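# Reading the structure
These are the residues of each chain, in order.
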Amino acid sequence: MSRTKRGEAVIRSMTAFAHRRSQIGSLGFEWEARSVNGRGLDLRLRLPDGLEGLEPAVRSAVTARLTRGHVAVTLRLSRPLREGIFAIDSEQLDRVLDGIRMVQARAHEKGLTLAPASVSDVLAQRGVVVMGAATEEEGLHGALLQGLDAVLDDLLAMREAEGRALARVIAEQVDGIARLVEEAAELARARLEETRQKLPEALRRMTAELAHADEDRLTQELALIALRNDVTEEIDRLRVHVETARALVTDPKPAGRRLDFLAQEFNREANTLCSKASHAALTRIGLDLKAAIDQMREQVQNVE
């Protein structure tokens, strides 16, 4: 992962696009690479017929530099000016022509009339037009892989540029979550103090209403109710999650999976806080927390 000028680590976005055209003698070619968010690395390749031997090297080059995302890599070749680069596979051509003849005959039996296949239709069939031996002699594979490296450089540069913007957004969202956590903590402290002040009065009222009440037992029950409504642990864990999120945003390793898991943990604590709140203002803060966490998680989905 690259770094900013200040030396801070840069998270990468999984959304990017890159395109490059180049030339090898009279043979033109262009690479195109697109990536969007994904749980793992899902690589789709589109390579011209006759270059199947190039695929393992392309896969190796991409997987060495990317760890997550749906990635589509396409190579297009333009017809060269001189002969000998492209050739016709006569056996494959015969198979295609036989297939067309069979389809037309079958359609005629069914009373259907099909438009005749054009020369371009036939040549477009897989395996009819193949690369000639001259391409290997000119070191085509090596040149194509150099072009792939260049387009991957562009793709990574865009993923990192998007990542810098994404990091700023996530950092702001984490700051917003932190403010809500502190509001919840302040409100919980005030509520706890209020509960402590009201506990003796509640105990006196209950013992007065219940003739045979066990004061010690009532005290224990009231204490348990107060304990069940205490959100101190949830707030402490939310604070830890905030610091962890801030560290992950600047982690030099791919942090997308960890940030996604952390967002789930954030949400778990916010849910518990809401269920234990028993207080309108604290419940409102809990709901605001859940909304802020959902917004953060949407952004996290794009982090590599």
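Predicted model only: the values in this text are computed from it and were never measured. What you see as residue numbers is a count from 1 along each chain, following the sequence as written. Where totals are concerned, whole chains, interfaces and linings use all residues; where local detail is concerned, this predicted model gives features only for residues with pLDDT of at least 70, and gives and counts side-chain atom pairs only at 80 or more. Excluded from the side-chain calculation are hydrogens and water; included are all heavy atoms of the structure.

### Some thoughts on the overall build of the protein
Short version of the rule: In DSSP terms, a helix is any run of H or I states spanning at least four residues, a strand is any run of E spanning at least two, and both are numbered starting from the N terminus. Exposure is judged per residue with a 1.4 Å probe applied to protein chains only, and the accessible area is read against the type maximum: over 50% gives exposed, under 20% gives buried, and values in between give partly exposed. Working rule for contacts: check all heavy atoms of both residues, and any pair within 4.5 Å makes them a contact. Each accessible area is a Shrake-Rupley estimate made with a 1.4 Å probe; only the visible protein chains count as cover when residues are assessed.
Along the backbone of the protein there are 9 helices and 6 strands. Put simply, the protein has 304 residues, and 37% of those count as buried. Here the analysis covers contacts within the protein between residues at least 6 apart in sequence; of these, 77% occur between residues at least 24 apart. In the form shown here, the protein has an accessible surface area of approximately 17,800 Å², with 51% of it arising from carbon and sulfur atoms.

### Here we look at the nonpolar core
Our working definition: Here, nonpolar core means buried Ala, Val, Leu, Ile, Met, Phe, Trp, Tyr and Cys residues that are tied together by side-chain atoms lying within 4.5 Å of each other.
Counting 35 residues, the largest nonpolar core has Ile170, Ile177, Ile235, Phe266, Leu273, Leu289 and Met296 as its most contacted members. Listed by contribution, the elements that provide at least two residues to this core are helix H5 (140–209), helix H7 (232–249), helix H8 (256–277) and helix H9 (280–300). Every residue in contact with Leu289, bar those within four places of it in the chain, is listed here: Ile177, Leu180, Val181, Leu238 and Ala270. Residues Phe29, Leu43, Val73 and Leu152 belong to the second largest nonpolar core, which totals 26 residues.

### Some details on the confidence of the model for the protein
Under the convention used in this document: Confidence of the predictor at the level of single residues is captured by pLDDT, which takes values from 0 to 100.
Here the protein averages 81 in pLDDT, and 77% of its residues register 70 or above. In this model residues 1–7 is a low-confidence stretch, pLDDT under 50, and it forms 17 contacts with partners more than four residues away in sequence or in other chains. For the stretch residues 133–138, pLDDT sits under 50, and the model shows 7 contacts to residues farther than four places along the chain or on other chains.

### Quick look at the pattern of salt bridges
Short version of the rule: Any Lys or Arg side-chain nitrogen found within 4 Å of a carboxyl oxygen on Asp or Glu counts as a salt bridge.
Under the definition given, this model contains 23 salt bridges. With a closest N to O distance of 3.5 Å, Arg237 and Glu234 form a salt bridge. Of this pair, Arg237 and Glu234 both sit in helix H7, 3 residues apart, which is roughly one turn of the helix. A salt bridge links Glu269 to Arg237; the nearest nitrogen and oxygen atoms lie 2.9 Å apart. Of this pair, Glu269 sits in helix H8 while Arg237 sits in helix H7, and the two are 32 residues apart along the sequence. By relative accessible area, which is 7% here, Glu269 ends up buried. Each of the salt bridges in this network shares a partner with another, and the network as a whole consists of Arg12, Arg159, Glu160 and Glu304.

### Let's talk about the sheet that holds strand S4 (residues 69–78)
Heads up, the condition is: In this analysis, strands are considered paired if DSSP registers two or more bridges between them. Lines fitted to C-alpha atoms define the axes, with helix axes restricted to the stretch in contact, and inter-axis angles between N-to-C directions lie between 0 and 180 degrees.
Ordered in space as S1-S2-S4-S3, the 4 strands form an open sheet in which the pairing is mixed. The strands lining the two open edges of the sheet, one partner per strand, are strand S1 (16–24) and strand S3 (41–46). Strand-to-strand twist of the sheet, defined as the mean angle between neighbouring strand axes without regard to direction, takes the value 10 degrees. Its contacts with the sheet place helix H1 (residues 55–63) against strand S2 (27–36), S3 and S4, and it is angled at close to 145 degrees to S3.

### Overview of the pairing of S1
In this sheet, S2 lies alongside S1 in antiparallel orientation, the contact comprising 9 bridges. The residue of S2 that forms the bridge with Phe17 is Arg34. Linking S1 to S2, which pair antiparallel, is a turn of 2 residues; within it Gly25 sits at a positive phi near 60 degrees.

### Some remarks on H1
Going by this rule: Arc definition: directions from the helix axis to the C-beta atoms.
Restricting attention to buried positions, one finds in H1 the residues Val58, Ala61 and Val62. In an axial view of H1, the angular spread of the buried residues amounts to 95 degrees, which keeps them on one side of the axis.

### Section: the side chain of Glu30
To keep things clear, this is the line we draw: Polar contacts here mean pairs of N or O atoms no more than 3.5 Å apart (in protein, one a potential hydrogen donor and the other a potential acceptor; neighbouring residues in sequence count only if both atoms are side-chain atoms).
Structurally, Glu30 can be placed in strand S2. What makes Glu30 buried here is its relative accessible area of 18%. Looking at Glu30, its side chain comes within polar contact range of the side chain of His19, at 2.6 Å.

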